[in-house]
Amino acid sequence: MPNQTLLQLLNARVQAALAAAGCADASANVQPASRPEHGDYQANGIMAAAKSRKLNPRALAQTVVEHLQLDGIASHIEIAGPGFINMTVAPDYLAGWVKTALDDEGGLAVPRVSGDAVQCVAIDYSSPNLAKEMHVGHLRSTVIGDALARVLRFVGHKVVAQNHVGDWGTQFGMLTACMDEAGPDDASNLALADLEVFYRHAKKRFDEDAAFANRARDYVVRLQGGDPRVLELWRRFLEVSMSHCEEIYRRLNVGLTPADVYGESAYNDDLPVVVADLQAKGLAVTSDGAQVVFLDEFSSKDGVPAAYIVQKQDGGYLYATTDLAAIRYRATTLKANRMLYVVDARQKLHFQQAFSVARQAGYVPAGVQLEHVGFGVVLGDDGKPFKTRSGDTVKLAELLAEATQRAFNLVTEKSPELPEAERQAVAQVVGIGAIKYFDLAKNRSTDYVFDWASMLSFEGNTAPYLQYAYTRIKSVLRRAGEWDVNAKVTLVEPAERQLALQLARFADAVLAVAQDALPNTLCAYLYELAAALMRFYEACPVLNATGETRTSRLQLCRLTADTLRTGLGLLGIEVLEAM
Ligand code: ARG
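Treat the numbers as computed from the prediction; the structure is a model and nothing was measured.

Each value, and the rule that gives it
Residues numbered from 1 in each chain as written. Predicted model: local features only at pLDDT ≥ 70, side-chain atom pairs only at ≥ 80, totals over all residues. Heavy atoms only, no water. Helix = DSSP H or I, 4+ residues; strand = E, 2+ residues; numbered from the N terminus. Buried < 20%, exposed > 50% of the residue type's maximum accessible area, 1.4 Å probe, protein only. Contact = heavy atoms within 4.5 Å. Pairing = 2+ DSSP bridges. Right-handed = clockwise from strand over helix to strand, strands pointing away. Axes fitted to C-alpha atoms, helices over the stretch in contact; angles between N-to-C directions. Expected span 1.5 Å × (residues − 1). Near = heavy atom within 4 Å. Polar contact = N/O pair within 3.5 Å; in protein donor to acceptor, adjacent residues only side chain to side chain. Areas by Shrake-Rupley, 256 points an atom, 1.4 Å probe, with all protein chains shown as cover. Nonpolar A, V, L, I, M, F, W, Y, C, P; charged D, E, K, R; others polar. UniProt positions renumbered as here; feature names shortened; annotations may be inferred.

Overview of the environment of D116
Reasoning step 1: Mapped onto the elements of the fold, D116 is located in the loop between α4 (91-102) and β5 (120-124).
Reasoning step 2: Take D116: its relative accessible area is 84%, and that puts it in the exposed class.
Reasoning step 3: C-alpha of D116 to C-alpha of L379: the two residues are 263 residues apart in sequence and 43 Å apart in space.

In structure tokens form, the structure reads like this:
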């Protein structure tokens, strides 16, 4: 495994040359070239360095190139335009990179962190409210969070998943009271078969029957007071609700387990401690009987500071209080160096304020990164939040069932000869992959319209397209028969070189996701890889080639297959050997 990516290496070399040219503090800013005539990589930082020193940029570029040590790495270096440096990677060097990646035992030449660079990353994701069944609103957090967990682990970090489930609050008074009404245990089993229906029933009782509403309030008090009977009902309810979630995680191929659940109720005992601490530190003050932290940096236009309420007038605690306790727990007990919150973008202000209070209270050491990994809403055709035709929220379980059904119809159309069980297995991988990839391929900060036809299309930047590209190479590799997997890689044709170059960029795509928490970077990379593969197929026969050309091309196919499989795997998407 190399200790840096090709891009990092080029950056470091141009940086060193800049320093030798007397501009040590300037930034080389090497990027993949945006056009073929710019070579493979372009250093864009020379102009800024020249400007701040009042130098002629082309003259500075010339000096930098004279100091640039890329022997054996670049085959061509050229100064272009007002002072860009264009670099073309030497074919033998690229071929060596391909070999390194092939020999890296699944690591694909992605530099992994070690020693002090290993971070403990706490990722808060999925985190559904357990009073109801998971719905489409939970898709994004679950899928994006899972991809980030996989990528960060792959790079060598320690990931602690935190499924911050909503398992506490007044709703549970209503729900447990309603369970009690249902009578003996099997009646409550039955009643909970459909959590959504049960919730609606309980809510209706609460709204329409004053006696029931009073009982529900009494159950809240008893729950908070630790009454064994109500606690027992509450646990029973959570068990059923959690098992729904687990079923969804399993079907989604998401790695969350019961061990990752650390819900809101886990912080109950800590809430008064946090509030007392904030008071002692002079951060929380009494305002209208509530405990409030006033935040100057979030003042309104008229200069009124934002109020971050940590305890209500009636003594109750809030979502906001729990998040402070959670930050403290993650920093202190989990020793997280980085915390990611994969939560709806509409909670942006909540997290900004929570992070601010946590910092002021000293709950997180200065070096710890706190990041709200926000995402947009899943919309329907009408541009409004995705709902069923009758206007209800779309249950995730039903959405996944529909995805597999649609994929099944598609597979049946394409390959009616396959046995039904096989078509079902393919449908599972393709249908679930399609939903996940469609979500991950969008920049997470934007909303998107849920569209079955696009996500299940075998053309464009979709899971089926990439899964199909994978099975196609696998079929080539199978038909190749026996060949030497240690064969030499030689890059002659432009399409071979371009494919190898794209393969060498995998590490950069993975590291970018680890850093920016934007999985769409990896999707865009994989789509480009598949495109480079198609151009390679068109220009370079593989099975009909002979001798070293054939084995070298088979090596390229093998690494492309590994890269597609690993890349999709990092997104939590499976592939098939045949489909
Ligand atoms: N349960 C919340 C919801 O459904 C999300 C929780 C996100 N995590 C957190 N630490 N606040 O909106």
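Quick look at the side chain of S241
Reasoning step 1: Structurally, S241 can be placed in helix α10 (residues 228-252).
Reasoning step 2: Owing to a relative accessible area of 0%, S241 belongs among the buried residues under this scheme.
Reasoning step 3: Discounting residues that sit within four places of it in the chain, S241 has contacts with L130, K132 and L195.

Here's the deal with the pairing of β5
Reasoning step 1: The buried fraction of β5 is high, at 5 of 5 residues.
Reasoning step 2: Here β5 shows two buried faces, one formed by C120, A122 and D124 and the other by V121 and I123.
Reasoning step 3: Pairing geometry for β5 and strand β6 (residues 158-162), over 5 bridges, is parallel. When the sheet's bridge partners are listed, C120 is paired in β6 with K158.
Reasoning step 4: Tracing the backbone out of β5, into helix α5 (residues 139-155) and back to the parallel element β6 gives a crossover that is right-handed.
Reasoning step 5: Pairing geometry for β5 and strand β10 (residues 338-341), over 4 bridges, is parallel. Bridge assignment links D124 to a residue of β10, and that residue is Y341.

Some details on the sheet that holds strand β11 (residues 369-372)
Reasoning step 1: A sheet is described by the order of its strands in space; here 4 strands give the open sequence β6-β5-β10-β11, paired in parallel fashion. The open sheet has two edge strands, β6 and β11, and neither has a second partner. On average, adjacent strands in this sheet sit at an angle of 15° to one another, irrespective of strand direction.
Reasoning step 2: Across the sheet, helix α13 (residues 348-360) is in contact with β10 and β11; its angle to β11 comes to roughly 165°.

With respect to α5
Reasoning step 1: End to end, α5 covers 25 Å across 17 residues, agreeing with the expected 24 Å (1.5 Å per residue, within 8%).
Reasoning step 2: Counting buried residues in α5 gives 15 out of 17 residues, a clear majority hidden from the surface.
Reasoning step 3: Looking one or two residues beyond α5, the residue adopting positive phi is G156, at roughly 115°.

As for the site of the ligand
Reasoning step 1: Around the ligand sit D124, S127, H164, Y319, D323, Y341, V343, Q347 and F351, and those are all the residues in its vicinity.
Reasoning step 2: Between the ligand and the protein, one listed contact pairs a nitrogen atom with a side-chain N or O atom of D124 at 2.7 Å.
Reasoning step 3: In this structure, S127 approaches the ligand through a main-chain N or O atom, which is 2.9 Å from a nitrogen atom.
Reasoning step 4: A total of 350 Å² of accessible area belongs to the ligand in isolation, and the protein chains cover 82% of it.
Reasoning step 5: Its residues assigned to classes, the shell around the ligand comprises 4 nonpolar, 3 polar and 2 charged.

Examining the UniProt feature "short sequence motif: 'HIGH' region" (unreviewed entry) in the protein chain
Reasoning step 1: Mapped onto the present numbering, the UniProt feature "short sequence motif: 'HIGH' region" (unreviewed entry) falls at residues 128-138.
Reasoning step 2: Between the C-alpha atoms that bound residues 128-138 there is a distance of 7 Å. The span itself is 0% helix and 0% strand.

Comments concerning unusual backbone geometry
Reasoning step 1: Residues other than glycine seldom take positive phi values, yet E105 does so here, at roughly 50°.
Reasoning step 2: Mapping E105 onto the fold places it in the loop between α4 and β5.
Reasoning step 3: Even without being a glycine, A109 presents a positive backbone phi close to 65°.
Reasoning step 4: Relative to the helices and strands, A109 resides in the loop between α4 and β5.

A short note on the sheet that holds strand β9 (residues 306-311)
Reasoning step 1: Reading across the sheet, the 3 strands line up as β7-β8-β9 and stay open at both edges, with antiparallel pairing between neighbours. A single partner strand is all that each edge strand has here, and the edge strands are β7 (284-287) and β9. Neighbouring strand axes in the sheet, compared pairwise and without regard to direction, differ in orientation by 45° on average.

Considerations on the pairing of strand β8 (residues 290-295)
Reasoning step 1: The element β8 is extensively covered by neighbouring structure, given that 5 of its 6 residues are classed as buried.
Reasoning step 2: As paired strands, β7 and β8 are joined by 4 bridges and run antiparallel to one another. If you follow A284 over to β8, its bridge partner there is V293.
Reasoning step 3: With antiparallel pairing between neighbouring strands as the criterion, β7 and β8 make up a hairpin whose turn holds 2 residues, including D288 at a positive phi of roughly 55°.
Reasoning step 4: Of the strand pairs in this sheet, β8 and β9 are connected by 5 bridges, and their pairing is antiparallel. The residue of β9 that forms the bridge with L295 is A306.

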